[in-house]
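Fold and contact review
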Amino acid sequence: MRDGIRLVTPQLIKSAMPVEIPEHSVGLVTPRSVAFNAPLLLECGRTLPAYTLVYECYGALNAARSNAILLCHALSGDHHAAGYHHPEERKPGWWEHLVGPGKPIDTSRFFVVCANLIGSCKGSTGPASINPETGTPWGLDFPMVTVRDWVQTQAQLADHLGIDCWAAVVGGSLGGMQVMQWAMDLPDRLRHAVVIAAAPRLTAQNIAFNEVARQAIMTDPDFHGGRYYAQNTKPRRGLALARMIGHITYLSDDAMRKKFGRDTRGGKAFSFGFDVDFEVESYLRHQGSSFVERFDANSYLYITKALDYFDPAAAHEGNLAAAFAPATAQFLVISFTSDWRFSPARSREIVQALYTRNLQVTYAEIASHQGHDSFLLPIPQYVEVLGAYLARVADEVGA
Amino acid sequence: MSALRPDLAIIAGWIRPGSRILDLGCGEGDLLAHLRAEHGVSGYGVEIDEARVVAAIRRGVPVIQQDLDGGLRNFGDQSVDTVVLSLTLQASKFPLDLLLEMLRVGREVIVTFPNMGHWHARWQLAVQGRMPVTDALPHAWYDTPNIHLCTIRDFESLCRENGVAVHQRVVLNDQRRQTWLNRLLPNLFGEVALYRCARVAASPLREE
């Protein structure tokens, strides 16, 4: 649900500050963008008059155009999945551990594409973009976008790149939802679907977390009904709070205990006040405030809402297998034992539906302590499973 | 592809080409890889061990990582033609539940297990007074995964008592071969027993 890499282990922090571009990285990358000027009819019934997608590509498309992989990012992710934008960049792309030459998503064999979602804030059209009708930022006038709409835009990008059929569409969390939607909506355009740490629909508890996050943003006095751009301000406290809540749910109890325990900041005695005492408080505040610098509050509202709305089984009386009726792709489904936001039980629902549909499916339940964030981390068994599966895909498509 | 282990080759011969199967405790997917490549069989392996899951994936075998002791609830009634449980029944926590679940999921089941009635096991227990350690049961008592050992007679009485019809039986010796001795005294000379069973009582026991 996030593009995190920013927490976790010491070696991650080390890899986040390269003296030089590490081996097995895609290296320096430059985002590209494409403008689509035809109106896009959205699931909500409204039309987006035109839109831009920002995306990155790694590796080379083969002559047969058969070796392309689409990566779908999660809530706070973006198109920058791997590599560095400039030599001094502190942090590589959000899936640097998994995308690169010789890595599971092997850019020496595959042509890998990742696009920023519309509604997001990293360059693709979203609520902070200018509404052509008013000449001012859309704010909350931006139409509601859904997982289904995102798949539509990604398909237009595939057309633009001349890719008829992806070797695989791969995504974690919200990205995994996009992968499922791809398999349902455009079955002829992907061979393999890799659904990681996802769920067929959010639970009430999950929607509840999202609603608390949205309320934190919308009740911030600096929110101004989403028109904070004009006020030259932003709902910093609300967005930071939203991020702090989200962050707690992306980690496991175990991971937090291991990382922070009850350590006080700098080993100091209690302040007997309301300043930061515990390391975990300090960490969360830092996560919240740094997130405000790189993410737009309105985008957070839109994307969490798209998460809440995702429920392909709803049109089939809750029967997920029926929703998968059009699908023909082969699936790899991966979950993580300590993930309580998108638990293994949710992935098993997906597997059961695919089994019922007689679709080819492989399922791996990875033992991990890092909660939902596991999908971003180089957990050895995860790397093995994904690498082994995609190596077969590469053989199959002649990559 | 290397030759299939003799017991797996017999199982492969029992599975109809083009059918859909579930191979419980599939290991590295040997049986399914063979059946998919040679007999147009589709289906899934089920395996709990991490390394074996990866090995099966490498061979292109669809594998579902799952603990069989947690049941088979995620697989629908009669959703496959055949459910295979090869040399794993004795390691399950609830062998009868598992057998009945297999019969719910598959129209037919194939079960194989090491025969505790084999003379070598009997010798070690009766004469040497030690827990048997044999080729088919290579673990010491304190670290064995095999917690529900049975003999051929035990298994057949379990089937009788639970309305399970045995359609076919093959008994192999310690060389994994069928000999006249296993045929004559299977429970004494059979080291591995292979059964093809179904829910409904049908054709009587046919010795191969």
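What you see as residue numbers is a count from 1 along each chain, following the sequence as written. Chain labels run from A onward and ligand labels from 1 onward, assigned in the order the entries are written. Reporting in this predicted model follows two pLDDT cut-offs: at least 70 for local features of residues, and 80 or more for side-chain atom pairs to be given and counted; totals over whole chains, interfaces and linings ignore these cut-offs and use all residues.

**Some points on the overall build of chain B**
- Counting its regular elements, chain B contains 8 helices and 7 strands.
- Two things to know: the radius of gyration comes from C-alpha atoms, and the globule rule equals 2.2 Å times the number of residues to the power 0.38. Relative to the compact-globule value of 17 Å for 208 residues, chain B shows a C-alpha radius of gyration of 17 Å, a close match.
- The dimensions of chain B, computed from C-alpha atoms along their principal axes, are 45 × 40 × 35 Å.
- Classification of the 208 residues of chain B by burial places 44% in the buried group.
- Taking as baseline every contact in chain B between residues at least 6 positions apart, the subset at least 24 positions apart corresponds to 63%. Put simply, DSSP marks the helices as runs of H or I at least four residues long and the strands as runs of E at least two long, and each gets a number from the N terminus on. Counts of 20 or more other C-beta atoms within 10 Å of a residue's own C-beta define buried residues, counts of 12 or fewer define exposed ones, and intermediate counts define partly exposed ones; C-beta atoms are placed from the backbone. Here, residue contact means that the backbone-derived C-beta atoms of the two residues sit within 7 Å.

**Considerations on the overall build of chain A**
- Helix and strand counts for chain A come out as 11 helices and 14 strands.
- In terms of overall dimensions, chain A is globule-like: its C-alpha atoms have a radius of gyration of 20 Å, near the 21 Å expected for 399 residues.
- Based on the C-alpha atoms only, the size of chain A along its principal axes is roughly 65 × 50 × 50 Å.
- Across the 399 residues in chain A, those meeting the buried criterion constitute 52%.
- Across chain A, every contact between residues at least 6 apart in sequence was considered, and the portion connecting residues at least 24 apart equals 72%.

**Description of helix 10 (residues 344–356) of chain A**
- Helix span is expected to be 1.5 Å times the residue number reduced by one. Spanning 13 residues, helix 10 of chain A covers 18 Å between terminal C-alpha atoms, matching the ideal 18 Å at 1.5 Å per step.
- The complete set of buried residues in helix 10 of chain A reads P344, R346, S347, I350, V351, Q352, A353, L354 and Y355 of chain A.
- Turning to helix 10 of chain A, the residues buried within the fold contact strand 12 (190–196), helix 9 (320–323), strand 13 (330–336) and strand 14 (361–366) of chain A together with strand 3 (63–65) of chain B.
- N358 of chain A sits one or two residues past helix 10 of chain A and shows a positive phi near 65°.

**Overview of the interface of chain A and chain B**
- Facing the 17 residues of chain A at the interface are 13 residues of chain B.
- When contributions to the side of chain A that touches chain B are tallied by element, the ones reaching two or more residues are helix 10, strand 14 and helix 11 (380–397) of chain A.
- Considering every element that reaches the side of chain A that touches chain B, the biggest residue donor is helix 11 of chain A, with 6 residues.

**Quick word on the nonpolar core**
All names here are of chain A.
- Nonpolar core, as used here: buried Ala, Val, Leu, Ile, Met, Phe, Trp, Tyr and Cys residues forming one set through C-beta atoms within 7 Å. Ranked by size, the top nonpolar core spans 168 residues in total, and within it I69, V112 and A193 carry the most contacts.
- Here this core gets 8 residues from one element, more than from any other, and that element is helix 11.
- Contacts of I69, omitting those with residues within four sequence positions, involve I105, F110, V112, W166, A167, A168 and V170.

**Some points on unusual backbone geometry**
Residue and element names in this part refer to chain A.
- Here the phi dihedral of A197 falls at roughly 45°; this positive angle occurs in a residue that is not glycine.
- Following the sequence through the fold, A197 ends up in the loop between strand 12 and helix 4 (204–218).
- Residue classification places A197 among the buried positions, given that 33 C-beta atoms sit within 10 Å.
- Positive phi, normally seen in glycine, also occurs at N358, with a value near 65°.
- Relative to the helices and strands, N358 resides in the loop between helix 10 and strand 14.

**Here we look at the packing of helix 5 (residues 236–250) of chain A against helix 7 (residues 279–294) of chain A**
Residue and element names in this part refer to chain A.
- Interaxial angle, 0 to 180 degrees, is taken between N-to-C directions of lines fitted to C-alpha atoms, where a helix line uses only the stretch in contact. Taken N-terminus to C-terminus, the directions of helix 5 and helix 7 make an angle of 125°; their axes are 8 Å apart at the nearest point. Considered as vectors, helix 5 and helix 7 are oriented oblique to each other. The chirality of how helix 5 crosses helix 7 is right-handed. For the pair formed by helix 5 and helix 7, the contact residues are R236, L239, A240, L241, R243, M244 and H247 on the first element and L284, Q287, G288, S289, F291 and V292 on the second. Just so you know how the angles are binned, under 35 degrees is roughly parallel, over 145 roughly antiparallel, 65 to 115 roughly perpendicular, and the rest oblique. What makes a crossing left-handed is the near helix being turned counterclockwise from the far one by less than a right angle; a clockwise turn instead makes it right-handed.

**Topic: the packing of helix 2 (residues 147–161) of chain A against helix 3 (residues 174–185) of chain A**
Residue and element names in this part refer to chain A.
- As a packed pair, helix 2 and helix 3 sit with axes 9 Å apart at the nearest point and diverge in direction by 70°. In terms of axis orientation, helix 2 runs roughly perpendicular to helix 3. Of the residues in helix 3, those touching helix 2 at V147, R148, W150 and V151 are M177, Q178, Q181, W182 and D185.
- When residues are sorted by character, Ala, Val, Leu, Ile, Met, Phe, Trp, Tyr, Cys and Pro go into the nonpolar class, Asp, Glu, Lys and Arg into the charged class, and all the rest, Gly among them, into the polar class. A per-class count over the contact of helix 2 with helix 3 returns 5 nonpolar, 2 polar and 2 charged.

**A few points about the environment of V170 of chain A**
All names here are of chain A.
- Its place among the elements puts V170 in strand 11 (residues 166–172).
- What makes V170 buried here is the crowd of 34 C-beta atoms within 10 Å.
- For the pair V170 and I196, spaced 26 residues apart in sequence, the C-alpha to C-alpha distance is 7.8 Å.
- When sequence neighbours within four positions are dropped, the list of residues in contact with V170 reads I69, L71, I105, V179 and V194.

**A few points about the confidence of the model for chain B**
- Scored from 0 to 100, pLDDT reflects the predictor's confidence in each residue. Per-residue pLDDT for chain B has a mean of 93; in total, 95% of the residues score no lower than 70.
- Across the predicted assembly, pTM comes out at 0.93 and ipTM at 0.92.

**Some details on the pairing of strand 2 (residues 42–47) of chain B**
All names here are of chain B.
- With 5 of 6 residues buried, strand 2 lies mostly within the body of the structure.
- In this structure, strand 1 (residues 20–24) lies alongside strand 2, joined through 5 bridges in parallel fashion. Along strand 2, the bridge assignment pairs D23 with G45.
- Orient the strands so they point away from the viewer, and a crossover whose first-strand-to-second-strand path over the helix runs clockwise is right-handed. Chirality of the crossover, the property in question, places the unit of strand 1, helix 2 (residues 30–39) and strand 2 among those that are right-handed. Two strands pair if DSSP finds at least two bridges between them.

**Describing the environment of A216 of chain A**
All names here are of chain A.
- Along the polypeptide, A216 turns up in helix 4.
- The exposure class of A216 is buried, given the 23 C-beta atoms found within 10 Å.
- Taking the C-alpha atoms as reference, A216 lies 7.9 Å from R237; in sequence the two are 21 residues apart.
- Setting aside residues no more than four positions away along its own chain, A216 makes contact with G238, L241 and A242.

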